[in-house]
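# Inside the fold
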Amino acid sequence: MKKIENRAIVCFLLALVLAAGTLLFLFRYLIQGGSWASSAFNRHLYNTQGQLIAGSVLDRDGDVLSSAENGQRTYYDSETVRKATLHAVGDLQGNIGTGALNAFASKMTGWNLVNGAFGADRGGELTLTIDARYNYEAYQALNGRAGTVAVYNYKTGEILCMVSAPSYDPLHVPEDIETNDRYKGAYLNRFLSSAFTPGSVYKTVTLAAALETLPDIESRTWTCEGSVRIGDETIVCSGVHGEQDLAAAFANSCNAAFAQLAVELGADVLRRYTEKAGLTASYSLDGLSSAKGSFDWDLTEGRLGWAGVGQDRDLVNPCALMVYMGAVANGGKAAEPYLILKTRNALGIPSLPRRTRRTGTLIERGTAERLAELMAGNVEKTYGTSRFPNMDLCAKSGTAEVGEGQSPHAWFAGFLRNEDAPYAFVVLVENGGGGSSVAGTVAGNVLDVIVNGY
């Protein structure tokens, strides 16, 4: 009898283990089944070269950017479009981590819980939020220079343009891509996966902090003589601006005035407003995480002055800066960005409509409204409204020094207040030179196509 009881207990425990294992398998199947099906070892969905041979990638207008035909993957017939959309669509070797062919493979295989994966002949359809035309124009505007261009709808979250350069043709990968400096960082999506010295675009944060914490800030004036000595540092300005109020100092992008503001505000206040703006946060775009910005606040007064104008050790991710611009445009909160517009599985069943998700409060409403007016003043007084026809544009340029002997990074970031074009944007041209002249021109070319058409 004792043996029977012991055996019964053992059988019961084994049954529990089996049940637990079955439940664990089912749970992981529900959560990870799509990833299992989209593994490169699955020869129903991948060829012997490791290329995904199921599913199609489309842009928002329905143009096919990549599809599978006869066991091979094809791309759009324009080489420039292929280069312009590479970091959104992906490459054949899987080196572009943010590309749909790699990041969203499970949505292209046609896999579902009931039927599994149908095979290469019945893949899914993935429609991205980007417009191939806008990406084409952005890539052309960069004109072979490294950098990134992005535009998104700050009310819905749809990314209309996402270009990173250098890029290459996924159908004809350069033989010297690993050794030629021309392709340095070509696998990297600079918009999502990098952080850069922001230069004067960061002054939008310093200005927001000053508007809220320094009494009578708009009735005060500063005198710029081309530089100012703060502690052990000489803060050099781009010119001699003379006596100026806050709006003029912002339009002039005066380092002398804003360095003094930064010291008056203090490191703790700047840290708080930088974090509130989301510049040290990471955004998730359909599972793709953006890089976090970083700042050093253990500073001398002189270095704090440099940090307040976007220099020293300040690093900002372009995606986070774009979302912050969207929040300024939208009264303090913006839609969180995303890349997948819709999907259609192998049975032809479309995905449910997207639900817009919003950020927390990145800037107070009243401050956002005043900052927007001052950014509109930049366009009117400094950048030139004629460069941006039919656009109610608010913007800030930046020229970020990145090392002795190197040309500065050129930035241009902002948003449109047009009723039918609620778009925020960011442009970075690495070692491009002047922010307004170089990055501003790139932004103008892209926004012109979006707002005014060809």
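These lines cover the structure that appears in this document, whether it is placed above or below.

What counts, and where the lines are drawn
Residues numbered from 1 in each chain as written. Predicted model: local features only at pLDDT ≥ 70, side-chain atom pairs only at ≥ 80, totals over all residues. Heavy atoms only, no water. Helix = DSSP H or I, 4+ residues; strand = E, 2+ residues; numbered from the N terminus. Contact = heavy atoms within 4.5 Å. Polar contact = N/O pair within 3.5 Å; in protein donor to acceptor, adjacent residues only side chain to side chain. Core = buried A, V, L, I, M, F, W, Y, C linked by side-chain atoms within 4.5 Å. Buried < 20%, exposed > 50% of the residue type's maximum accessible area, 1.4 Å probe, protein only. Axes fitted to C-alpha atoms, helices over the stretch in contact; angles between N-to-C directions. Parallel < 35°, antiparallel > 145°, perpendicular 65-115°, else oblique. Nonpolar A, V, L, I, M, F, W, Y, C, P; charged D, E, K, R; others polar. 1 Å grid on protein atoms, 1.4 Å probe; cavity = no way out; pocket = protein on both sides within 12 Å on 5 of 7 lines; lining within 4 Å. Points joined across faces, edges and corners; volume = space filled by probe spheres on them. Salt bridge = Lys/Arg side-chain N within 4 Å of Asp/Glu carboxyl O. Pairing = 2+ DSSP bridges.

Structurally, the position occupied by Ala165 is in strand 6 (residues 159-165). If we ignore the near neighbours within four places in the chain, the residues touching Ala165 are Tyr139, Leu142, Arg145, Ala146, Gly147 and Arg190.

To continue, consider the side chain of Thr204. Within the fold, Thr204 resides in helix 8 (residues 203-213). For Thr204, the side chain forms a polar contact with the main-chain oxygen of Val201, separated by 2.8 Å. Beyond its immediate stretch of four places on either side in the chain, Thr204 contacts Phe250, Tyr324, Met325, Leu371, Met375 and Lys396.

Here we take up the nonpolar core. If you look at the biggest cluster of nonpolar residues, it comprises 95 residues, and the most contacted ones within it are Phe191, Leu279, Leu285, Trp297, Tyr324 and Phe415. Tallying contributions element by element places helix 13 (residues 318-329) first for this core, with nine residues. Setting aside chain neighbours within four positions, we find Leu285 in contact with Phe104, Ile159, Phe191, Leu192, Cys319, Pro337, Tyr338 and Leu339. The next biggest cluster of nonpolar side chains, apart from the first, holds 34 residues, and it includes Tyr139, Leu160, Phe388 and Ala439.

Okay, the packing of helix 13 against helix 14 (residues 365-383) next. Pairs of packed helices are described in terms of their axes, by the angle between the two and the distance that separates them. Relative to each other, helix 13 and helix 14 sit at 105°, their axes nearing to 8 Å. Between helix 13 and helix 14, the crossing angle belongs to the class labelled roughly perpendicular. Taken together, the residues of helix 14 that come into contact with helix 13 (itself represented by Tyr324, Met325, Ala327 and Val328) are Ala368, Leu371, Ala372 and Met375. For the contact of helix 13 with helix 14, the residue count by class is eight nonpolar, no polar and no charged.

The space that makes up the largest pocket amounts to roughly 490 Å³. Lining the largest pocket are 26 residues, and of these Gly144, Arg145, Pro166, Ser167 and Arg182 lie nearest its centre. Listing elements by their share of the lining of the largest pocket, those giving two or more residues are helix 2 (79-84) and helix 6 (132-142). A class-by-class count of the residues in the lining of the largest pocket yields 10 nonpolar, seven polar and nine charged.

Attention shifts here to the pattern of salt bridges. Two side chains with opposite charge may pair up if their charged atoms get near one another. By the definition in use, this model includes 17 salt bridges. The partner of Asp268 in a salt bridge is Arg271, with the nearest N and O atoms 2.9 Å apart. A residue pair is termed a helical-turn pair when its members lie 3 or 4 positions apart in one helix, as Asp268 and Arg271 do in helix 11 (residues 267-276) at three residues. We classify Arg271 as partly exposed; its relative accessible area is 29%. Here the salt bridges share partners, and the residues they tie into one network are Asp296, Arg303, Asp312 and Arg313.

Below, the discussion takes up the sheet that holds strand 3 (residues 72-75). Spatial strand order, 3-2-1-4-13: five strands in an open sheet with mixed pairing. Among the strands making up the open sheet, the edge pair consists of strand 3 and strand 13 (340-344). Going from strand to strand, the sheet's axes swing by 15° on average, the running direction of each strand aside. By the bridge criterion, three bridges tie strand 1 (residues 56-58) to strand 4 (residues 125-128) in an arrangement that is parallel. Among the inter-strand pairings, Val57 is bridged to a residue of strand 4, identified as Leu126.

Attention shifts here to helix 10 (residues 255-265). Within helix 10, eight of the 11 residues are buried, leaving the element largely enclosed by the surrounding structure. Listed as buried for helix 10 are Asn255, Ala256, Ala257, Phe258, Ala259, Leu261, Ala262 and Leu265. Directly after helix 10, the chain includes Gly266, whose backbone phi takes a positive value near 90°.

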